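Observations on the three-dimensional arrangement
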Amino acid sequence: MAWEEWEQIKAEAAAKQSTHMQLNQAPAEGGGGGADLAVHDDQLGKLGNMAYDLRERLRVHGDHARPSTHQAAVDLFNDGLDTGSALTELHDAWNTQVQTLKEACAHISNHLDYSRAEHAKDEADIATGMRNAAGELMTVSRINDYLQ
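Now for a quick tour of the structure.

Calculation criteria
- Residues numbered from 1 in each chain as written.
- Predicted model: local features only at pLDDT ≥ 70, side-chain atom pairs only at ≥ 80, totals over all residues.
- Heavy atoms only, no water.
- Helix = DSSP H or I, 4+ residues; strand = E, 2+ residues; numbered from the N terminus.
- Expected span 1.5 Å × (residues − 1).
- Buried < 20%, exposed > 50% of the residue type's maximum accessible area, 1.4 Å probe, protein only.
- Arc of directions from axis to C-beta.
- Lys, Arg positive; Asp, Glu negative; His and termini not counted.
- Salt bridge = Lys/Arg side-chain N within 4 Å of Asp/Glu carboxyl O.
- Contact = heavy atoms within 4.5 Å.
- Polar contact = N/O pair within 3.5 Å; in protein donor to acceptor, adjacent residues only side chain to side chain.

**Some thoughts on helix H2 (residues 41-61)**
For H2, spanning 21 residues, the distance from its first C-alpha to its last is 30 Å, which sits close to the expected 30 Å at 1.5 Å a residue. Here H2 has its buried residues at Leu44, Gly45, Gly48, Ala51 and Leu58. Across the axial projection of H2, the buried residues extend over an arc of 155°, all falling on one side. For H2, the exposed residues lying more than 90 degrees away from the buried face are Lys46 and Met50.

Written out as structure tokens, the structure is:
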């Protein structure tokens, strides 16, 4: 690849990247505005419940074939067939994948629950803990004085 081609590809990639929505920064001057990101508490709760339900379904239904597959693998191996070893590897891989999916669902559910709790705590702190420039807790009447 010639140097000029490389520079052209870099310029095209930079131009393409600047047209995509960027988070955590204001839009470029002259560019259109972006949508605000908003998530509501009830949405987080529904998503967390969905992740938990999926984890439970994986726990119950992802294990249906495990005992019979393991027994078939043992029987085939004991009969001297290489298929028994292959089926054992498949059995172990399946168990690993199901466990990974269950952990991922639990992680998502727990994280959403944590996010909801922390957001509620932050909202309560903001609502009840307004402080003046000296860092002293302000009463409602004092806040009202600032607003007038």
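Alright, that's what it looks like, and here's the rest.
**Re the side chain of Lys102**
Relative to the elements of secondary structure, Lys102 occurs in helix H4 (residues 82-128). Within the buried set, Lys102 has no salt-bridge partner at all; the shortest N-O distance to an opposite charge, 6.8 Å, is to Asp63. Among all residues touching Lys102, those that are not within four sequence positions of it are Arg55, Leu58 and Arg59.

**With respect to helix H3 (residues 66-78)**
Taking 1.5 Å as the rise per residue, H3 with 13 residues should run 18 Å; its terminal C-alpha atoms sit 18 Å apart, in good agreement. Downstream of H3 by one or two residues, Gly80 has phi in the positive range, about 85°.

**A look at the side chain of Ser109**
With respect to the helices and strands, Ser109 occurs in helix H4. Reaching out from Ser109, the side chain makes a polar contact with the backbone oxygen of Gly48 at a distance of 3.3 Å. Setting aside residues up to four positions removed in sequence, Ser109 forms contacts with Gly48, Ala51 and Tyr52.

Keep in mind these values describe shape, not function.
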